[in-house]
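Here is how the chains run, residue by residue.
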Amino acid sequence: MIDLAAYAGLFLAAFVAATILPLQSEAALVGLILADRQPLWALIAVASIGNVLGSVVNWLLGRGIERFRDRRWFPVGRSSLERAQGWYRRYGKWSLLLSWAPIVGDPLTVVAGVLREPLLPFLALVTVAKTGRYLVLAAATMSLQ
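Summary of the structure given here. (Residues numbered from 1 in each chain as written. Predicted model: local features only at pLDDT ≥ 70, side-chain atom pairs only at ≥ 80, totals over all residues. Heavy atoms only, no water.)

1. Remarks on the pattern of salt bridges
Pairing is possible between side chains that carry opposite charge, provided their charged atoms lie close to one another.
Right, so step 1: Applying the stated criterion across every chain yields a total of one salt bridge.
Right, so step 2: Arg133 is paired through a salt bridge with Glu26; the nearest N and O atoms lie 3.3 Å apart. With Arg133 in helix H6 (residues 119–144) and Glu26 in helix H2 (residues 26–35), this pair connects stretches of sequence that are 107 residues apart.
Right, so step 3: Taking relative accessible area as the criterion, Glu26 reaches 22% and is therefore assigned partly exposed. (Salt bridge = Lys/Arg side-chain N within 4 Å of Asp/Glu carboxyl O. Helix = DSSP H or I, 4+ residues; strand = E, 2+ residues; numbered from the N terminus. Buried < 20%, exposed > 50% of the residue type's maximum accessible area, 1.4 Å probe, protein only.)

Encoded structure:
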């Protein structure tokens with residue numbers, strides 16, 4: 001039962017951290033790695049799947065949110081949205097390799113949805129980025145033990 005709770009907590013932390021809500025999943029992963037109760041590969045897989053699925057939520061939000069851009073409650077100003085779209089158009093889908101990065105990563109996944117990036121290339125690039133980040137974090141954590 002404890003393993004299931006650990007995996008569920010890690011999945012939830014990684015999922016929410018990938019959305020536009022402010023949360024970090026790295027501490028949860030490092031804590032579970034240091035506890036040394038679950039296989040490392042399983043922790044990386046659960047964190048990666050949760051984080052990628054959270055990014056898919058952002059992509060879906062992006063697909064549907066632009067129709068509300070002229071509403072007063074819209075969370076991003078017109079100039080900010082246009083700047084983000086211009087940046088994404090300039091660097092294209094390859095910018096999704098930065099989806100792991102703090103501050104810019106989550107908005108990139110929303111903009112990819114706004115600009116109608118096809119789901120399969122989106123998934124491939126975001127999976128590489130998110131899993132790569134967790135692999136580096138796991139390697140760094142293991143080197144400290």
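2. Observations regarding the environment of Ala140
Right, so step 1: Checked against the element boundaries, Ala140 lands in helix H6.
Right, so step 2: Expressed as a C-alpha distance, the spacing of Ala140 and Val30, which sit 110 residues apart in the sequence, is 9.5 Å.

3. Comments concerning the environment of Phe68
Right, so step 1: The topology assignment puts Phe68 in the loop between helix H3 (40–65) and helix H4 (78–91).
Right, so step 2: According to the relative accessible area criterion, Phe68 is partly exposed, its value standing at 24%.
Right, so step 3: In this structure, the C-alpha to C-alpha distance between Phe68 and Val126, residues 58 residues apart in sequence, is 26 Å.

4. Side note on the packing of aromatic side chains
Right, so step 1: A complete count under the given rule lists two aromatic pairs for this structure.
Right, so step 2: With a centroid separation of 6.1 Å and an interplanar angle of 20°, the aromatic rings of Phe11 and Phe15 are classed as stacked. Of this pair, Phe11 and Phe15 are both found in helix H1 (residues 2–18), four residues apart, which corresponds to roughly one turn of the helix.
Right, so step 3: Taken together, a centroid distance of 6.0 Å and an interplanar angle of 35° make the contact between Trp59 and Phe122 tilted. With Trp59 in helix H3 and Phe122 in helix H6, the pair connects residues that are 63 residues apart, well separated along the chain. The residues Trp59 and Phe122 share a single accessibility class, namely buried.
Right, so step 4: One cation-aromatic arrangement involves Arg133 over Tyr134; the distance from NZ or CZ to the ring centre is 4.3 Å. (Phe/Tyr/Trp six-rings, centres within 6.5 Å; stacked < 30°, edge-to-face > 60°. Lys NZ or Arg CZ within 6 Å of the ring centre and 35° of its normal.)

5. Quick word on the nonpolar core
Right, so step 1: By size, the foremost hydrophobic cluster in this structure holds 13 residues, and its most contacted members are Leu10, Leu29, Leu32, Ile33, Leu43, Ala47 and Tyr134.
Right, so step 2: Broken down by secondary-structure element, the contributors of at least two residues to this core are H1, H2, H3 and H6.
Right, so step 3: With four residues, H3 is the largest single contributor of residues to this core. (Core = buried A, V, L, I, M, F, W, Y, C linked by side-chain atoms within 4.5 Å.)

6. Thoughts on helix H5 (residues 105–114)
Right, so step 1: Counted residue by residue, H5 has nine buried out of 10 residues, so it is predominantly covered.
Right, so step 2: Among the residues of H5, Gly105, Asp106, Leu108, Thr109, Val110, Val111, Ala112, Gly113 and Val114 are the ones counted as buried.
Right, so step 3: Note on H5: the residue one or two positions beyond its end, Arg116, has a positive phi of about 60°.

7. Concerning the side chain of Gln38
Right, so step 1: Turning to its location among the elements, Gln38 is positioned in the loop between H2 and H3.
Right, so step 2: There is a polar contact of 3.0 Å between the side chain of Gln38 and the side chain of Asp3.
Right, so step 3: Once residues within four sequence positions are removed from consideration, Gln38 is found in contact with Asp3, Ala6, Tyr7, Leu32 and Leu43. (Polar contact = N/O pair within 3.5 Å; in protein donor to acceptor, adjacent residues only side chain to side chain. Contact = heavy atoms within 4.5 Å.)

8. As for the environment of Ser99
Right, so step 1: Of note, Ser99 is situated in the loop between H4 and H5.
Right, so step 2: According to the relative accessible area criterion, Ser99 is buried, its value standing at 1%.
Right, so step 3: Placed 34 residues apart in sequence, Ser99 and Arg133 show a C-alpha to C-alpha distance of 9.8 Å.
Right, so step 4: Beyond its immediate sequence surroundings of up to four residues, Ser99 is in contact with Gly105, Asp106, Leu108, Thr109, Val126, Ala129 and Lys130.
Right, so step 5: For Ser99, the side chain forms a polar contact with the main-chain oxygen of Leu96, separated by 2.8 Å.

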